[in-house]
Amino acid sequence: MAPPPETTAVVFDAALPWQRARAVALRPEPFGALVYSFATRKLSFLKSKQLVTVVQTLADHPSATAAIEASGVPETQRAAYVKALADLARSHMIEERTSVPPTTRELAAGPCAEAGNP
Amino acid sequence: MTAVLPGRPVGGRLVDQFEYGLDAPICLTWELTYACNLACVHCLSSSGRRDPRELSTAEAERVIDELQRMQVFYVNVGGGEPTVRPDFWHLLDYAVGHDVGVKFSTNGIKLSKARAAQLARTDYVDVQISLDGATAEVNDRVRGAGSFATATRALENLAEAGMRDMKVSVVVTRENAGQLDAFKALTDSYGAQLRLTRLRPSGRGADVWGSLHPTQAQQRNLYQWLLAHGENVLTGDSFFHLSAFGEALPGLNLCGAGRVVCLIDPVGDVYACPFAIHENFLAGNVRHEGGFQKVWQESELFADLRSPQTGGACTKCAHFDACRGGCMAAKFFTGLPLDGPDPECVQGYGETALAARDGGRAAPKSSLDHSHTGPVRGQPTLLGLPAMPPAKICEESPLVGLDGCTT
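Definitions and cut-offs
Residues numbered from 1 in each chain as written. Chains lettered and ligands numbered in written order. Predicted model: local features only at pLDDT ≥ 70, side-chain atom pairs only at ≥ 80, totals over all residues. Helix = DSSP H or I, 4+ residues; strand = E, 2+ residues; numbered from the N terminus. Rg over C-alpha atoms; globule rule 2.2 N^0.38 Å. Buried ≥ 20, exposed ≤ 12 C-beta atoms within 10 Å, placed from the backbone. Pairing = 2+ DSSP bridges. Axes fitted to C-alpha atoms, helices over the stretch in contact; angles between N-to-C directions. Contact = placed C-beta atoms within 7 Å. Nonpolar A, V, L, I, M, F, W, Y, C, P; charged D, E, K, R; others polar. Arc of directions from axis to C-beta. Expected span 1.5 Å × (residues − 1). Parallel < 35°, antiparallel > 145°, perpendicular 65-115°, else oblique. Left-handed = near helix turned anticlockwise from the far one by under 90°. pLDDT = per-residue confidence, 0-100.

### A look at the overall build of chain B
Moving on, step 1. Per the secondary structure count, chain B includes 16 helices and nine strands.
Moving on, step 2. Taken against the 2.2 N^0.38 rule, which gives 22 Å for 407 residues, the C-alpha radius of gyration of chain B at 20 Å falls within 12% of a compact globule.
Moving on, step 3. Across its three principal directions, the C-alpha atoms of chain B cover 60 × 50 × 40 Å.
Moving on, step 4. When the 407 residues of chain B are sorted by exposure, 51% land in the buried category.

Written as structure tokens, this is what we have:
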């Protein structure tokens, strides 16, 4: 089936709870990670291991800000991380979490069951 | 995991990271069979007849299992004509069921109404219909009589079944380079998306490349057209050599061979890139111990390809950062050195290099050829049988816009 058109503009609010989108798979790589959306067929790159940690742990925190803080991102870099998450939200790689904690995934095991995130 | 090569930079530009390779390919092409009902003059894999050593269903399933473990998000399935494999639909379901998305290229021969409806219902499957002319006249000269009708019937079936955003995949040639707007209009009329790729001198393409590759003027038009259409037109990062005209085109803009791209051929051989079916670019076979993962992560050939280029004529060029020296396969199969300019270098260095080639030394040729040995139904007419129609697109096709006629 064809991917849905990206018509809905996503407003990113770091004070809200977020998670990696359910149709998104993440693959660790030496430079960080690749993220791929099976829904939009878009590929993105997480360019640091710390950003990978932030994205992986979004679902464990009450807000994106909390996830960034808990990952040990230095204060001077936090604005850059908020911007990176805003970009990921715009491309539907992360989504706002409405129910906590998320338990269901759109995909079976495999791409979504990478190490450290059973 | 890939051994991290000495010298991999931390941070910095992604293109520099990709040159050092990845733990798994981003873009893996898997040709399921060398069998094809057509005999396109420019076939990159010289397909036609099935190879008796092709992977069995069980072997293909094992490859998919491995791709799932390696988190290869999707595969580009091609051939030959992949849908003529009797287990094609099974393998499609098997891949999707194992979280490996499938984008497959087809000439449309098997896309009946029923199959179109099945595809429209299946998630994580993208279909690419190959078409090399916006009109039957231009297309069928290269792909064979009746192939335009087959492709457009498949597009109709898909559109009718409610499939959206299927791709129409076009190899840009001297004969269709004036039809870009017509391709876009045709594609839009089916609710499909246009994908343009570059003609390589690979497979049978080597025999026709000299007469079919776009002229410099056509390359410039194409570059401007691609810039104007941005990400609405897909290119598979195919035209990065055009970035040396000035502005970078969307995409990674580097040769991904062995770094982010590779090919698994129908018999399980792994090559650096789909356009490089030649023993010099053969890295291993998925049937061997360790399977595909071992080939991707440990082959010496791929390790070599993952060392950034530091020497050669191109590294001294002001545009090297834009085009990274162009396409490896295009250089190789035109007999040019791999660290020199692309034969279609937009700065003109390729033409100079082609002219300076040693006339006594033939360009390398693949030892693999699965071409049909006898005539096929719908033989392409480009090669002269039957008599060549007029060479100019404009004389053949009243539908081509004036733009096409003035270039």
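### Considering the pairing of strand E1 (residues 27-31) of chain B
Residue and element names in this part refer to chain B.
Moving on, step 1. Counting buried positions along E1 yields five of five residues, so the element is predominantly enclosed.
Moving on, step 2. On E1, burial covers both faces: Cys27, Thr29 and Glu31 on one face and Leu28 and Trp30 on the other are all buried.
Moving on, step 3. Here four bridges tie E1 to strand E7 (residues 261-264), and the two strands are oriented parallel to one another. Opposite Trp30, over in E7, you have Ile264 as the bridge partner.
Moving on, step 4. Where E1 meets strand E2 (residues 74-78), four bridges bridge the pair, whose relative direction is parallel. Within the sheet, the bridge partner assigned to Glu31 lies in E2 and is Gly78.

### Quick look at the sheet that holds strand E9 (residues 282-285) of chain B
Residues and elements named next belong to chain B.
Moving on, step 1. Pairing within the open sheet is mixed, and its nine strands lie in the order E6-E5-E4-E3-E2-E1-E7-E8-E9. The sheet is open, and its two borders are formed by strand E6 (193-198) and E9, each paired with just one other strand. Each neighbouring strand pair of the sheet contributes to a mean axis angle of 25 degrees, computed without reference to strand direction.
Moving on, step 2. Contacts from helix H3 (residues 88-97) reach E2, strand E3 (101-106) and strand E4 (125-130) within the one sheet, and its direction differs from that of E3 by about 150 degrees.
Moving on, step 3. Along the sheet, helix H7 (residues 180-189) contacts strand E5 (167-172) and E6; its crossing angle with E6, the most-contacted strand, is approximately 140 degrees.

### Examining unusual backbone geometry
Moving on, step 1. The step from Gly79(B) to Gly80(B) runs through a cis peptide bond, and the omega angle for that step is 20 degrees.
Moving on, step 2. Secondary-structure assignment places Gly80(B) in the loop between E2 and H3.
Moving on, step 3. A positive phi angle, near 65 degrees, is found at Arg41(A), a position not held by glycine.
Moving on, step 4. Tracing the backbone through its elements, the reader meets Arg41(A) in the loop between strand E3 (32-37) and strand E4 (43-46).
Moving on, step 5. Overall, the presence of 16 C-beta atoms within 10 Å leaves Arg41(A) in the partly exposed class.
Moving on, step 6. Within the chain, Gln71(B) stands out as a residue other than glycine whose phi angle is a positive 60 degrees.

### Here's the deal with the interface of chain A and chain B
Moving on, step 1. With 20 residues of chain A at the contact, the number on the chain B side is 25 residues.
Moving on, step 2. Counting residues per element, the side of chain A that touches chain B draws most heavily on strand E2 (residues 24-29) of chain A, which supplies three residues.
Moving on, step 3. Of the residues in the side of chain A that touches chain B, the class split is 14 nonpolar, two polar and four charged.

### Some points on helix H4 (residues 113-121) of chain B
Residue and element names in this part refer to chain B.
Moving on, step 1. Inspection of H4 places Ala116, Leu119 and Ala120 among the buried residues, and these make up the whole buried set. Take H4 and look down its axis: the buried residues cluster within an arc of 100 degrees, on one side only. Exposed and facing more than 90 degrees away from the buried side of H4 are Ala114 and Arg121.
Moving on, step 2. Tucked into the core, H4 has its buried residues touching E4 and helix H6 (147-160).

### Focus on H6(B)
Residue and element names in this part refer to chain B.
Moving on, step 1. With 14 residues, H6 extends 20 Å between its outermost C-alpha atoms, agreeing within 8% with the 20 Å of an ideal straight helix rising 1.5 Å per residue.
Moving on, step 2. Within H6, the full set of buried residues consists of Ser147, Phe148, Thr150, Ala151, Ala154, Leu155, Asn157 and Leu158.
Moving on, step 3. Structurally, H6 contributes buried residues whose contacts are with H4, E4 and helix H5 (136-143).
Moving on, step 4. Downstream of H6 by one or two residues, Gly162 has phi in the positive range, about 90 degrees.

### A word on the sheet that holds E4(A)
Residues and elements named next belong to chain A.
Moving on, step 1. Read from one edge to the other, the open sheet built from three strands follows the order E2-E3-E4, with strand pairing classed as antiparallel. This sheet does not close on itself; its edge strands, each paired only once, are E2 and E4. Neighbour-to-neighbour, the strand axes of the sheet open up by a mean angle of 20 degrees, direction not taken into account.
Moving on, step 2. Pairing between E3 and E4: four bridges, direction antiparallel. Pairing of Tyr36 across the sheet is with Leu43, part of E4.
Moving on, step 3. Contacting E2, E3 and E4, helix H1 (residues 49-57) crosses the sheet at an angle of about 45 degrees to E3.

### Comments concerning the packing of H4(B) against H6(B)
The axes of two packed helices give the description: the angle between them and the distance between them.
All names here are of chain B.
Moving on, step 1. Contact geometry for H4 and H6: axes closest at 8 Å, N-to-C directions at 50 degrees. One way to sum up the angle between H4 and H6 is to call them oblique. Where H4 crosses over H6, the handedness of that crossing is right-handed. Across from Lys113, Ala116 and Leu119 in H4, the residues of H6 making contact are Asn157, Leu158 and Glu160.
Moving on, step 2. In terms of residue class, the contact of H4 with H6 is built from three nonpolar, one polar and two charged.

### Overview of the packing of helix H2 (residues 57-69) of chain B against H3(B)
Residue and element names in this part refer to chain B.
Moving on, step 1. Where H2 contacts H3, the two axes come as close as 10 Å, and the packing angle between them is 20 degrees. Regarding the angle of H2 to H3, the classification is roughly parallel. Seen from above, H2 lies across H3 with right-handed handedness. Two secondary-structure elements touch here, H2 through Thr57, Ala60, Glu61 and Ile64 and H3 through His90, Leu91, Tyr94 and Ala95.
Moving on, step 2. Considered class by class, the residues forming the contact of H2 with H3 number five nonpolar, two polar and one charged.

### Some thoughts on the environment of Phe148(B)
Residue and element names in this part refer to chain B.
Moving on, step 1. Here Phe148 shows up in helix H6.
Moving on, step 2. Judged by the 21 C-beta atoms lying within 10 Å of it, Phe148 is buried.
Moving on, step 3. Taking the C-alpha atoms as reference, Phe148 lies 35 Å from Val286; in sequence the two are 138 residues apart.
Moving on, step 4. In this view, Phe148 contacts Gly133, Ala136, Asn139 and Asp140; residues no more than four positions away in its chain are not counted.

### Looking at the confidence of the model for chain B
Residues and elements named next belong to chain B.
Moving on, step 1. Overall, the prediction assigns chain B a mean pLDDT of 90, with 92% of residues at 70 or greater.
Moving on, step 2. Here residues 1-5 is a poorly scored stretch, pLDDT under 50, and it has eight contacts once near neighbours within four places are set aside; other chains count.
Moving on, step 3. Within the model, pLDDT remains below 50 along residues 385-407, and this stretch shows 36 contacts once partners closer than five positions in the same chain are excluded.
Moving on, step 4. With a pTM of 0.86, the predicted complex shows an ipTM of 0.78.

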